[in-house]
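Coordinate analysis (summary)
One letter stands for each residue in the lines below.
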Amino acid sequence: MTKAIRIHANGGPEVMKWEDVPTPEPGPGEALIRHEAVGLNYIDVYFRTGLYKSVLPATIGMEGSGVVLALGAGVTDLAVGDRIAYAGGPIGAYAVQRVIPADRLVKLPDAIDFNTGAAMMLQGLTAQYLLRRTYPVQAGQTIVVHAAAGGVGLILCQWAKHLGVTVIGVVSTAEKAELARAHGADHVVVGHQDLPAEVKRITGGAMVPVVYDSVGRDTFNTSLDCLAPLGLMVSFGNASGPVPPVDLGVLTAKGSLFITRPTLATYTAKRADLVAAAAELMEVVASGAVKIRVNQTFPLSEAAAAHTALEARKTTGSTVLIP
Ligand code: NDP
């Protein structure tokens, strides 16, 4: 037997139960891994509440680091004992041991510890595709990043800065503003009410070519008002709730805008894309250009407390759960 967090119904943090579960066996193409650390991500909240659907009972979680314990038939590029990390589906990371398709794993270099590995994969691969593929930012551009002191946010700020981009970060408190500034945000706006006016002032009226908005419902319209003509709205999260249906005429009226609602799953669906993105991420982390801030750790058995903190906007940077 092993231990895992399971939910038997969707709901608040209290639906997460620390239970005995049978140790799974790896089938063909799969690996059995032991987690050393599990990443906490906002998407875990969506699966817990039922905003994103799962078959119940479910073990949520999409990110971890650890060691390979056993391999199923046909897995040739991994060995028992390898240090690994991963991000993305299928869910099941809130467990001491789990089985996962082996082609979702990447090897973790010795220079990257397990906590960093579990913290950086999902949020770091997200920052990679947002800045390098969804809208390949160019040195000299100015961009807007919402939730700039959060997990994805701190990585976006540092990586964009590393690429020569000027970042306008948006946060909810003065403390978070300090943190975002210390991680590469050149300008920080507290609260989003005056954001378009601030963006106008900072850019001398030009506005920005791209907004990275993970907050969703509360900030959607404000974000559109920050864009230059032909600008791209990247709506990549729902921390405040999902964005309601959009009237396309609004995009016309605001200057022939573009909009995308991307997910990491699409950008890493092909193994080659996953490997290339992970290599870029590990390079910027190893070089020190991007520092992974694990600002909170919780025992995995106390995942409910971690969710409560995340939803109450009490966390900054990344959070890991320790089995
Ligand atoms: P964060 O650490 O960024 O935590 C969420 C932050 O959102 C909060 O700290 C808070 O920052 C801000 N926020 C604004 N409004 C609310 C609200 N009503 N309730 C709670 N938080 C709010 O989380 P992650 O780094 O894990 O994820 C950031 C976002 O990116 C999430 O929306 C997530 O779903 C999305 N995401 C999307 C991916 C994709 O591929 N599409 C992949 C990974 C993440 P503040 O207090 O400063 O406002």
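Contact geometry for helix H2 (residues 114–134) and helix H9 (residues 271–286): axes closest at 9 Å, N-to-C directions at 100 degrees. When the interaxial angle is binned, H2 and H9 end up roughly perpendicular. Across the interface between the two elements, Met120, Met121, Gly124, Leu125, Gln128, Arg132 and Arg133 of H2 pack against Asp273, Leu274, Ala277, Ala278, Glu280, Leu281, Met282 and Val285 of H9. Looking at side-chain class alone, the contact of H2 with H9 contains 9 nonpolar, 2 polar and 4 charged residues.

Turning our attention to the domain arrangement of the protein chain. According to the domain assignment, the protein chain consists of domain 1 (2–121 + 282–322) and domain 2 (139–261). The straight-line distance from the C-alpha centre of domain 1 to that of domain 2 is 28 Å. Opposite the 16 residues of domain 1 that make contact, domain 2 presents 17 residues. The interface formed by domain 1 and domain 2 contains 0 salt bridges. The interface formed by domain 1 and domain 2 holds 9 residue pairs in polar contact (both at pLDDT 80 or more) in total. The class makeup of the residues in the side of domain 1 that touches domain 2 is 8 nonpolar, 5 polar and 3 charged.

With that settled, the discussion passes to the site of the ligand. Among the 28 residues in the neighbourhood of the ligand, the closest are listed as Tyr129, Ser172, Lys176, Phe236 and Leu264. Here lysine 176 contributes a side-chain N or O atom positioned 2.7 Å from an oxygen atom of the ligand. Considered on its own, the ligand offers 900 Å² of accessible surface; in the complex 92% of this is hidden by protein. At the level of elements, helix H1 (42–49), H2, helix H3 (151–162) and helix H10 (303–311) are the ones that each hand at least two residues to the shell around the ligand.

How each quantity is defined
Residues numbered from 1 in each chain as written. Predicted model: local features only at pLDDT ≥ 70, side-chain atom pairs only at ≥ 80, totals over all residues. Heavy atoms only, no water. Axes fitted to C-alpha atoms, helices over the stretch in contact; angles between N-to-C directions. Helix = DSSP H or I, 4+ residues; strand = E, 2+ residues; numbered from the N terminus. Parallel < 35°, antiparallel > 145°, perpendicular 65-115°, else oblique. Contact = heavy atoms within 4.5 Å. Nonpolar A, V, L, I, M, F, W, Y, C, P; charged D, E, K, R; others polar. Domains from an automatic or database assignment. Salt bridge = Lys/Arg side-chain N within 4 Å of Asp/Glu carboxyl O. Polar contact = N/O pair within 3.5 Å; in protein donor to acceptor, adjacent residues only side chain to side chain. Near = heavy atom within 4 Å. Areas by Shrake-Rupley, 256 points an atom, 1.4 Å probe, with all protein chains shown as cover.

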